[in-house]
Amino acid sequence: MNEQTLHRWRVLIGSRSFGQAFPEHLTALAAAGCQVIPNGVGRAYREQELMELLPSMDAIITGTDELTAAVIAASPRLKTIVKHGVGLETIDLDAARSHGVIVSATPASIHDSVADLTLALILALARKIVPAHLEMRVGGWKPFFGIELMDKTLGLVGLGRIGKAVCMRAQGFGMAVIAADPYPDLAFAEVHHVRIVSLDELLATADVVSLHVPAEMVKRTLIGETELARMKPSALLINTARGQLVDEEALAEALRNGRIAGAGLDVFVHEPPIGSPLLTLDNVVLTPHIGGRTLDGQRRMGEMAIENCLRALRGEEPLYRVA
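Residues numbered from 1 in each chain as written. Predicted model: local features only at pLDDT ≥ 70, side-chain atom pairs only at ≥ 80, totals over all residues. Heavy atoms only, no water.

1. Quick notes on empty space enclosed by the protein
Next up, step 1: The final tally for this structure, using the stated rule, is one cavity of 30 Å³ or more.
Next up, step 2: Lining the largest cavity are S17, F18, G19, Q20, A21, F22, H25, H84, Q298 and G302.
Next up, step 3: Among the residues forming the lining of the largest cavity, the class breakdown is three nonpolar, seven polar and no charged. (1 Å grid on protein atoms, 1.4 Å probe; cavity = no way out; pocket = protein on both sides within 12 Å on 5 of 7 lines; lining within 4 Å. Points joined across faces, edges and corners; volume = space filled by probe spheres on them. Nonpolar A, V, L, I, M, F, W, Y, C, P; charged D, E, K, R; others polar.)

Written out as structure tokens, the structure is:
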């Protein structure tokens, strides 16, 4: 049996996390007839690199690779782009459609993971867990005063899968929930007693503002100096969505001047955020984009990516097609 018979399709792995925690996901692709080409650069592929690699591929399982219109046009063999995750801002969807390339994602895989981290950041800020931990590490025993979540108002900017999961967790802590969303799920809002409001009202009302908007749906920075000025001085800002949603310079200034009380950030405009003023502030809790990095979430994400990829290669409809 020759190599061509063994491997019906060539699949490039762009995503650095695909197969990392679960090598069996790579094995599953190979067992289904795929020649798996691992990521050879240790990061997301740049446009020029893909211009050379992708023309010989039937599929790519991508993270944040630069899948531009030029790359897609230069890859006539390409059948499908499989997003290992949910953000689509690095994929030219119009180009994919015009060239008949199927694009899929894994939106139902990590919403619980991200929602858990969102609540962890809220709790860490509310109870000052990080400064208390650091104080004890150097032998201190300083009593830190925090706040309870009971009867506080959580403002969700975006009421999609993750926003809904955060809502249900927050209500378990006794929080009231309001939400701003251009296309809200009114049935969910009614059942779970979520009041739909404008963004301006949400910013002025919420004790905690949590962002859950896909970056590709926002044409500008969502939270800047004007929006931060509308928030309560006692309010907390949480961002586990996309770094581009927040003007980080304006946020650092607001935190430095006590314009808002604190921020919990898992995402940044530049990752890692080397030299960011946010790194020097005590009223910030920072994590290195780990919202979806749970074993449970990565297992589901990998399984969905495999299913999406193989279905598209076989000429079938993927589970979660976006283009």
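Structure shown, so let's carry the discussion forward.
2. Thoughts on the pairing of strand β9 (residues 208–211)
Next up, step 1: Covered by surrounding structure in β9 are V208 and S210 together with V209 and L211, the residues of both alternating faces.
Next up, step 2: Relative to β9, strand β6 (residues 153–157) runs parallel, the two being bridged by four bridges. Residue L154 lies in a different strand from β9, and its bridge partner there is V208. (Buried < 20%, exposed > 50% of the residue type's maximum accessible area, 1.4 Å probe, protein only. Helix = DSSP H or I, 4+ residues; strand = E, 2+ residues; numbered from the N terminus. Pairing = 2+ DSSP bridges.)

3. Looking at the sheet that holds strand β2 (residues 34–37)
Next up, step 1: Judged by pairing direction, the sheet is parallel, and its five strands sit side by side in the order β2-β1-β3-β4-β5 without closing on themselves. Where the open sheet ends on each side, the last strands, each with one partner, are β2 and β5 (102–104). Along the sheet, successive strands turn relative to each other by an average axial angle of 20 degrees, direction set aside.
Next up, step 2: Seen against the sheet, helix α2 (residues 24–31) touches β1 (9–13), β2 and β3 (59–62) and runs at an angle of roughly 140 degrees to β2.
Next up, step 3: Packed onto the sheet, helix α13 (residues 295–313) meets β1, β2, β3, β4 (80–83) and β5 and runs at close to 170 degrees relative to β4. (Axes fitted to C-alpha atoms, helices over the stretch in contact; angles between N-to-C directions. Contact = heavy atoms within 4.5 Å.)

4. Some points on the nonpolar core
Next up, step 1: Grouped together as the largest cluster of nonpolar side chains are 32 residues, with contacts concentrated most on V209, L211, L228, L237 and L251.
Next up, step 2: Those elements that provide at least two residues to this core are β7 (176–180), α10 (199–205), β9, α12 (248–256) and β11 (262–265).
Next up, step 3: Of the residues forming this core, the biggest block, five residues, is contributed by α12.
Next up, step 4: In this view, L237 contacts V209, L211, I223, L228, M231, V246, L251, I260, G262, A263 and G264; residues no more than four positions away in its chain are not counted.
Next up, step 5: Core analysis: the next-biggest nonpolar cluster, separate from the first, contains 26 residues, L119, L125, L156 and A170 among them. (Core = buried A, V, L, I, M, F, W, Y, C linked by side-chain atoms within 4.5 Å.)

5. What about α13?
Next up, step 1: Over its 19 residues, α13 extends 27 Å from the first C-alpha to the last, a length consistent with the 27 Å expected when each residue adds 1.5 Å.
Next up, step 2: Every buried residue of α13 is accounted for by G297, Q298, M301, G302, M304, A305, I306, N308, C309, L310, A312 and L313.
Next up, step 3: Just past α13, the residue G315 takes up positive phi, approximately 85 degrees. (Expected span 1.5 Å × (residues − 1).)

6. Details of the layout of surface pockets
Next up, step 1: Roughly 410 Å³ of volume is contained in the second largest pocket.
Next up, step 2: In terms of lining residues, the second largest pocket is bounded by 21 residues, among which L125, K128, P131, D282 and N283 are the most central.
Next up, step 3: Secondary structure elements with two or more residues in the lining of the second largest pocket: α6 (111–126), α7 (129–137) and β12 (284–286).
Next up, step 4: Counting residues per element, the lining of the second largest pocket draws most heavily on α7, which supplies four residues.
Next up, step 5: Within the lining of the second largest pocket, the residues separate by chemical class into 15 nonpolar, four polar and two charged.

In short, geometric facts, not functional conclusions.
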